[in-house]
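# Topology and contacts: notes
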Amino acid sequence: MCTLSYFLTDDGYELFFNRDEQKTRETAIAPSKHQGNAIFPIDPQGGGTWLGVSHFGQTLALLNDYQSVFDITAVKHSRGLLIPHLLSNKAPALYQLQNMDLSGYAPFKLCIFPDGLSINNNNVVFVRWDAKQLIHCQVEPLATSSGVELETVTQKRKQQFKQLIDLRHPESEQFLAFHYSKAEQGQYGVNMLREDAMTVSISHIKVGNTIRFNYFDKQSQLISSIGCLKVAAA
């Protein structure tokens, strides 16, 4: 279960991501700069990540697709390894995906925020791998995943999104209030809490002339922030 939202700005975009995991899962390593000009946290269990931004300003966000039926014995690679791989290459992420053999990966949705993105250059792409084919999905300001009651979870989170955010005049504070909100407890909330799982981290990536990755680890209650100058695309 995860929730992503974003809005575009004159010189870039801001993206917000709540990662939901089992309470027993090992705590992730906070975002840092990696070889290949990218910033991302690391999930110790798989060695990959669910969210990363390149120094060129391209952000990739991964949500698990719990609804697709697939053969678990065919899974050979962790989905979390996709983002470090895609960000380490200069070719556009969508082009790479379209030319990759994805048969060894479990189903996922990948949200692609390319470099050069802005309110006047809106080319955000959402794609879904359902273990059979790569499908383009409708791009919306809110994306969510859930292994439990997906339709109900999505509906309730969309309702809360509409209550807290004015898309005509989006501001960081509105989106942060949404992602930190505990107005609705339990599995339906954005800041999710279940007996077995919870929102374990909340991320905020801001891309403009500079790049900033703010990260709150709820398990350790530690806040970290890492930034860099945006590198002009060749």
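Look above for the structure.
Residues numbered from 1 in each chain as written. Predicted model: local features only at pLDDT ≥ 70, side-chain atom pairs only at ≥ 80, totals over all residues. Heavy atoms only, no water.

Attention now goes to the packing of aromatic side chains. Summed over the entire model, instances satisfying the criterion amount to 10 aromatic pairs. For the pair F7 and F16, a centre-to-centre distance of 6.3 Å together with 20 degrees between the ring planes defines the contact as stacked. The exposure class of F16 is buried, given its relative accessible area of 1%. Consider the rings of F161 and F178, whose centres lie 5.2 Å apart with planes at 80 degrees: the pair is edge-to-face. In this pair, F161 is assigned in helix α3 (residues 150-164) and F178 in helix α4 (residues 172-180), connecting sequence segments 17 residues apart. With respect to class, F161 is no different from F178; both count as buried. Between the NZ or CZ atom of R19 and the centre of the ring of W50, over which it lies, the distance is 4.0 Å. The ring of Y188 has K156 lying over it, and the distance from NZ or CZ to the ring centre is 5.5 Å. (Phe/Tyr/Trp six-rings, centres within 6.5 Å; stacked < 30°, edge-to-face > 60°. Buried < 20%, exposed > 50% of the residue type's maximum accessible area, 1.4 Å probe, protein only. Helix = DSSP H or I, 4+ residues; strand = E, 2+ residues; numbered from the N terminus. Lys NZ or Arg CZ within 6 Å of the ring centre and 35° of its normal.)

Taken in spatial order, the 7 strands line up as β3-β4-β5-β6-β7-β8-β9 in an open sheet, and their pairing is antiparallel. With partners counted over all chains shown, the strands left at the sheet margins are β3 (29-34) and β9 (134-137), one partner each. Averaged over all pairs of adjacent strands, the angle between their axes in this sheet comes to 20 degrees, without regard to strand direction. Where strand β4 (residues 38-42) and strand β5 (residues 51-54) come together, 2 bridges link them in antiparallel fashion. Among the inter-strand pairings, A38 is bridged to a residue of β5, identified as S54. (Pairing = 2+ DSSP bridges. Axes fitted to C-alpha atoms, helices over the stretch in contact; angles between N-to-C directions.)

Below, the discussion takes up the pairing of strand β7 (residues 108-113). In terms of burial, β7 is largely enclosed, as 5 of its 6 residues are buried. Bridge count between strand β6 (residues 59-64) and β7: 6 bridges; the pairing is antiparallel. The residue of β7 that forms the bridge with L63 is K109.

It is worth spelling out the side chain of R157 at this point. As for its position among the elements, R157 is in helix α3. Here T144 takes part through its side chain, which lies 2.7 Å from a polar atom of the side chain of R157. (Polar contact = N/O pair within 3.5 Å; in protein donor to acceptor, adjacent residues only side chain to side chain.)

In this section: the sheet that holds strand β1 (residues 2-8). Spatial ordering of the open sheet is given by β10-β1-β2-β11-β12-β13, a layout of 6 strands whose pairing is antiparallel. Lying at the two open borders of the sheet, with one neighbouring strand each, are β10 (142-145) and β13 (222-229). Strand-to-strand twist of the sheet, defined as the mean angle between neighbouring strand axes without regard to direction, takes the value 10 degrees. For β1 and β10, the ladder comprises 4 bridges, and the chain directions are antiparallel. Its bridge partner lying in β10, L4 is registered against A143. Of the strands in this sheet, β1, β2 (13-22) and β10 touch α3, which is tilted by about 150 degrees from β10. (Contact = heavy atoms within 4.5 Å.)

Okay, the environment of R25 next. One can find R25 in the loop between β2 and β3. Spatially, the C-alpha atom of R25 lies 30 Å from that of C228, the residues being 203 residues apart in sequence. Excluding anything up to four places from it in sequence, R25 contacts R19, D43, Q45 and Q219. Within the local environment of R25, its side chain forms a polar contact with the side chain of D43, the two groups lying 2.5 Å apart.

Here we come to unusual backbone geometry. You will see that A131, though not glycine, has its phi angle at about 80 degrees, which is positive. Following the sequence through the fold, A131 ends up in the loop between β8 (125-129) and β9. Residues other than glycine seldom take positive phi values, yet Q221 does so here, at roughly 65 degrees. If you trace the backbone, Q221 turns up in the loop between β12 (210-217) and β13.

Let us now look at the nonpolar core. The nonpolar side chains of a soluble globular protein tend to be buried, and buried together. Counting 27 residues, the largest nonpolar core has L4, L15, F17 and F113 as its most contacted members. Elements that contribute at least two residues to this core include exactly β1, β2, β5, β6, β7, β11 (197-207), β12 and β13. Ranked by residue count, the leading element in this core is β1, at 4 residues. If we ignore the near neighbours within four places in the chain, the residues touching F113 are L4, Y6, Y13, L15, G57, Q58, T59, V124 and F126. Counting residues in hydrophobic clusters, the runner-up holds 19 residues, among them L60, L82, I83 and A93. (Core = buried A, V, L, I, M, F, W, Y, C linked by side-chain atoms within 4.5 Å.)

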